[in-house]
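# What the coordinates show
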Amino acid sequence: MRLSLTARCNLACPYCCPDSHDPPELLTQDERLQLVSAASALGFRRLRLTGGEPLLHRGLEELVAALQPLRSTPASPGEPGLSEIALTTNGVLLSAERAQALRAAGLDRITVSLDGTDGESVALMAGLAGGVAAGEAVLDKVLAALDHAHGAGFDPAGGALKLNAVIARGRNEDQLLPLAQLARQREIELRLIEFMDVGNRNGWQPDLVLPAAEMVRRIGAHWPLVPLGRQAHGTASRWRYRDGAGHLAVVASISAPFCGDCDRLRVTADGVAYTCLFASSGLDLKPWLRGPAAAGESLNGALRSLWSGRHDRYSEERAEGQSSGTVTTQRPHAEMAYLGG
């Protein structure tokens, strides 16, 4: 389950287009705990905290600590419970103190997003008005954040620290090799993500997509790669560098969709559950978290019904339409900043 804590962000990445304010009915900390408890009882094992930018949520460390009693135990591995709590962040606010506090609270993994390795590309992809100087300032903070996370015990060798990058053709595709080099030097797995048509305001067009296979080909021409495949229910196909300098992964939601194997449930900061990143509508869970319907069994039942009745396969339908020459009707989508990616 991917749980968004806020729709706000301190960056303005054009592929995400975050809001400057939160929706009016944010979930409370107790409601988040109730929701995660119900989901884990139904078999959800992994939780990712997202945004917007989740480090803007002042109660983040307290939430991570409060989630610890919901973990599965080594003594009963078959029992329901969380096996992993992860965080996705742009890293700008990840100081050494916060990284240490999150580790102490019980966070298992951090994924940091960075779409370029120089001031110009970072400014472009982060939507920064200050140009190259602003991009360089953000880049310095993100690189420091990687050091802070590593120093706090998030070990990239064990997959506890990874680097995400969205690649758009004609915008930052020239950053493919520099990003790979940066990740190789730091021994961090780089996850390259195709520019996706999530939301309604990011100006997505098919010709802006650099297919994952092309990304892998370009990087593999410089540093030979050995394919490892995609794990069941995973979003990323992975490779290892033949010279032993770590791993590379790609998320091909556009060019090679995997709808039939997806197991992600996304819940917005105001409690609306979506069974697909490209969904146009979701189920508002607040009636089961508040008021007369706020009973544990009712919330469990609502989640169970939503999950068992899902039939989303938008990416596959889009790909089928493109291969057959049929135009897929573009329906409104929920915005990326609400769903947390």
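In this report, the structure presented in the accompanying data block is examined. (Residues numbered from 1 in each chain as written. Predicted model: local features only at pLDDT ≥ 70, side-chain atom pairs only at ≥ 80, totals over all residues. Heavy atoms only, no water.)

### Description of the packing of aromatic side chains
Within a pair of aromatic rings, the relevant descriptors are the distance that separates the centres and the angle that separates the planes. Summed over all chains, the structure comprises two aromatic pairs. Both rings, one in F44 and one in W307, keep their centres 5.2 Å apart while their planes meet at 70 degrees; by these two values the pair is edge-to-face. With F44 in the loop between α1 (29–41) and β2 (46–50) and W307 in helix α9 (residues 296–308), the pair connects residues that are 263 residues apart, well separated along the chain. Take F44: its relative accessible area is 13%, and that puts it in the buried class. The interplanar angle of 90 degrees and the centroid separation of 6.5 Å between the aromatic rings of W223 and Y241 together place this pair among those described as edge-to-face. In this pair, W223 is assigned in the loop between α7 (212–222) and β7 (225–230) and Y241 in strand β8 (residues 237–241), connecting sequence segments 18 residues apart. Of the two residues examined, W223 and Y241, each falls in the buried class. In this structure, R184 is placed above the aromatic ring of Y241, and the distance from its NZ or CZ to the ring centre is 4.6 Å. Here the guanidinium or amino end of R310 rests over the ring plane of W307, the centre of that ring lying 3.7 Å away. (Phe/Tyr/Trp six-rings, centres within 6.5 Å; stacked < 30°, edge-to-face > 60°. Helix = DSSP H or I, 4+ residues; strand = E, 2+ residues; numbered from the N terminus. Buried < 20%, exposed > 50% of the residue type's maximum accessible area, 1.4 Å probe, protein only. Lys NZ or Arg CZ within 6 Å of the ring centre and 35° of its normal.)

### A word on the pattern of salt bridges
Using the criterion set out here, one finds 17 salt bridges in the structure. Where R71 meets D108, a salt bridge forms, and the shortest distance between an N and an O atom there is 2.7 Å. With a gap of 37 residues between them, R71 in the loop between α2 (60–66) and β3 (84–89) and D108 in the loop between α3 (96–105) and β4 (109–113) connect regions that are remote in the sequence. Through salt bridges with shared partners, a single network forms among E173, E214, R217 and R218. (Salt bridge = Lys/Arg side-chain N within 4 Å of Asp/Glu carboxyl O.)

### A few points about the sheet that holds β8
Across the sheet, which stays open at both edges, the twelve strands sit in the order β7-β8-β9-β6-β5-β4-β3-β2-β1-β10-β11-β12 with mixed pairing between neighbours. The open sheet has two free edges, formed respectively by β7 and β12 (283–284), since each of these has just one partner strand. Where β7 meets β8, five bridges bridge the pair, whose relative direction is antiparallel. By the bridge assignment for β8, P227 is matched with W239. (Pairing = 2+ DSSP bridges.)

### Topic: the pairing of β4
Every other side chain in a regular strand lies on the same face of the sheet, so the side chains alternate between the two faces. Among the five residues of β4, four are classified as buried, and the element is accordingly described as predominantly covered. Strand direction decides the pairing type here: β3 and β4, joined by four bridges, are parallel. Counterpart to T89 in the pairing with β4 is V112. Between the parallel pair β3 and β4, the chain is carried across by α3, and the sense of this crossover is right-handed. With four bridges connecting them, β4 and strand β5 (residues 161–167) associate as parallel partners. Bridge pairing in β5 links T111 to K162. (Right-handed = clockwise from strand over helix to strand, strands pointing away.)

### Describing the environment of L26
Residue placement: L26 occurs in the loop between β1 (2–4) and α1. Residues L26 and A269 lie 243 residues apart in sequence; the distance between their C-alpha atoms is 5.6 Å. Not counting residues up to four positions away in its chain, the partners in contact with L26 are E31, A269, D270 and R290. (Contact = heavy atoms within 4.5 Å.)

### With respect to the packing of helix α6 (residues 176–186) against α7
Two measures define how a pair of helices packs: the angle their axes make with one another and the distance between the axes. At a minimum axis distance of 10 Å, the contact between α6 and α7 shows a crossing angle of 60 degrees. On the basis of their axis angle, the class for α6 and α7 is oblique. You can see that α6 and α7 cross each other, and the crossing is right-handed. Here L176, L177 and A180 of α6 come into contact with α7, specifically with M215, R218, I219 and H222. Of the residues in the contact of α6 with α7, the class split is five nonpolar, one polar and one charged. (Axes fitted to C-alpha atoms, helices over the stretch in contact; angles between N-to-C directions. Parallel < 35°, antiparallel > 145°, perpendicular 65-115°, else oblique. Left-handed = near helix turned anticlockwise from the far one by under 90°. Nonpolar A, V, L, I, M, F, W, Y, C, P; charged D, E, K, R; others polar.)

### Brief notes about a negative patch on the surface
The grouping of D118, E120, E136, D140 and D174 at the surface amounts to a negative patch. Mapped onto the elements, E120 comes out in helix α4 (residues 119–126). A relative accessible area of 59% places E120 in the exposed class. (Patch = residues over 30% accessible without salt bridge, like charges linked within 9 Å, V, L, I, M, F, W, Y side chains within 5 Å. Areas by Shrake-Rupley, 256 points an atom, 1.4 Å probe, with all protein chains shown as cover. Lys, Arg positive; Asp, Glu negative; His and termini not counted. Charge placed at Lys NZ, Arg CZ, Asp CG, Glu CD.)

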